[in-house]
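The lines below spell out each chain.
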Amino acid sequence: MASAGGSQALPTFQLSYPPGLQGIDAANSAIEKTNIDFVTRSRIEALGFPQGVKEFKVDDARRRAAPSKAERGEKEQQRIDGYAKTAQILP
């Protein structure tokens, strides 16, 4: 059985116009020059993908270079032990 509207829901991200958005009276298309339809918005967002990939690579490199949880715990324990040797406990 066909749906009542005859159309399917549009995706949230699309770089090309589907057949239903062809022509002047297409649903969900930009009506005024100041409006941005979903395909134009998706294209604008896609322009930022290369920068996002660069940022991800930098972030990933930082995470991989960071000391592990065990290394951080060992370093903190050494710091605490060093402080315990010099600390004086008052009665």
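Reading the values: the criteria
- Within every chain, residues take consecutive numbers counted from 1 along the sequence as written.
- Residue-level local features of this predicted model are given only where pLDDT is at least 70; pairs of side-chain atoms are given and counted only at 80 or more, and the full residue set underlies all totals for whole chains, interfaces and linings.
- Working from all heavy atoms in the structure, the side-chain values ignore hydrogens and water.
- By the criteria applied, helices consist of DSSP H or I runs no shorter than four residues and strands consist of E runs no shorter than two, each listed in order from the N terminus.
- Each residue is placed in one exposure class: buried if its accessible area under a 1.4 Å probe, protein chains only, is under 20% of its type's maximum, exposed if it is over 50%, and partly exposed if it falls in between.
- Working rule for contacts: check all heavy atoms of both residues, and any pair within 4.5 Å makes them a contact.
- The Shrake-Rupley method, run with a 1.4 Å probe sphere, supplies the accessible areas, and residue values consider only the shown protein chains as cover.
- What makes a salt bridge here is a side-chain nitrogen of Lys or Arg within 4 Å of a carboxyl oxygen of Asp or Glu, nothing more.

> Before we move on, could you go through the overall build of the protein chain and cite the residues and values that matter?
Helix and strand counts for the protein chain stand at three helices and zero strands. Along the protein chain, helices (α) and strands (β) appear in the sequence α-α-α when read from the amino end. The buried share of the protein chain, reckoned over its 91 residues, is 12%. Of all intrachain contacts in the protein chain linking residues separated by at least 6 positions in sequence, the fraction that spans at least 24 positions is 45%. Of the roughly 8400 Å² of accessible surface on the protein chain, 58% is carried by carbon and sulfur atoms.

> Could you give an account of the pattern of salt bridges, naming the residues involved and the relevant values?
What the rule picks out here adds up to four salt bridges. Its salt-bridge partner being R79, residue E76 comes within 2.5 Å of it at the nearest N-O pair. Note that E76 and R79 are positioned in helix 3 (residues 69–86) at a spacing of three residues, about one turn of the helix.

> Tell me about the environment of I36, and name the residues and values.
Mapped onto the elements, I36 comes out in the segment before helix 1 (38–46). You can call I36 exposed: its relative accessible area is 56%. Among residues more than four places away in sequence, those in contact with I36 are R41 and I44.

Read these as layout, nothing more, since geometry by itself doesn't imply function.
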